[in-house]
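# Structural characterization, general
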Amino acid sequence: MYQVRIERKAQKKLKKIPNPYYSKIKSAILDLAYEPRPVGCKKLKGREGYRIRVADYRIIYEIDVFLP
């Protein structure tokens, strides 16, 4: 299982999204802790990270692996 961290800038934008999109996006973000590369995710070109789509919104994220 991974840990999900949402940057402060993204948190502010997320608060402005109306329901039912907000609930779907929040659920998709939290699900990334269990499956960081879900079906339909795309590797970004030109930079690190991935994206998934939820309705008309794109979720851009990075996967950091920290080994003890």
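To be clear, the structure that these remarks concern was listed above.
My aim in this report is to walk through the structure given alongside it, one point at a time.

Two modes of strand pairing occur in sheets, parallel and antiparallel, and in both the strands are linked by backbone hydrogen bonds. Here we have 3 strands laid out as an open sheet, ordered β1-β2-β3, and antiparallel in their pairing. This sheet does not close on itself; its edge strands, each paired only once, are β1 (42–43) and β3 (57–61). Pairing analysis gives 2 bridges linking β1 to strand β2 (residues 50–54), with the strands arranged antiparallel. Across the sheet, the residue bridging to K42 is R51, located in β2.

To continue, consider a positive patch on the surface. A grouping of R8, K9, K12, K13, K15 and K16 is seen on the molecular surface, where their side chains present a positively charged patch. Secondary-structure assignment places K9 in helix α1 (residues 8–15). According to the relative accessible area criterion, K9 is exposed, its value standing at 62%.

The rules behind the values
Residues numbered from 1 in each chain as written. Predicted model: local features only at pLDDT ≥ 70, side-chain atom pairs only at ≥ 80, totals over all residues. Heavy atoms only, no water. Pairing = 2+ DSSP bridges. Helix = DSSP H or I, 4+ residues; strand = E, 2+ residues; numbered from the N terminus. Patch = residues over 30% accessible without salt bridge, like charges linked within 9 Å, V, L, I, M, F, W, Y side chains within 5 Å. Areas by Shrake-Rupley, 256 points an atom, 1.4 Å probe, with all protein chains shown as cover. Salt bridge = Lys/Arg side-chain N within 4 Å of Asp/Glu carboxyl O. Lys, Arg positive; Asp, Glu negative; His and termini not counted. Charge placed at Lys NZ, Arg CZ, Asp CG, Glu CD. Buried < 20%, exposed > 50% of the residue type's maximum accessible area, 1.4 Å probe, protein only.

Fair warning: the whole summary comes from geometry, so function is off the table for now.
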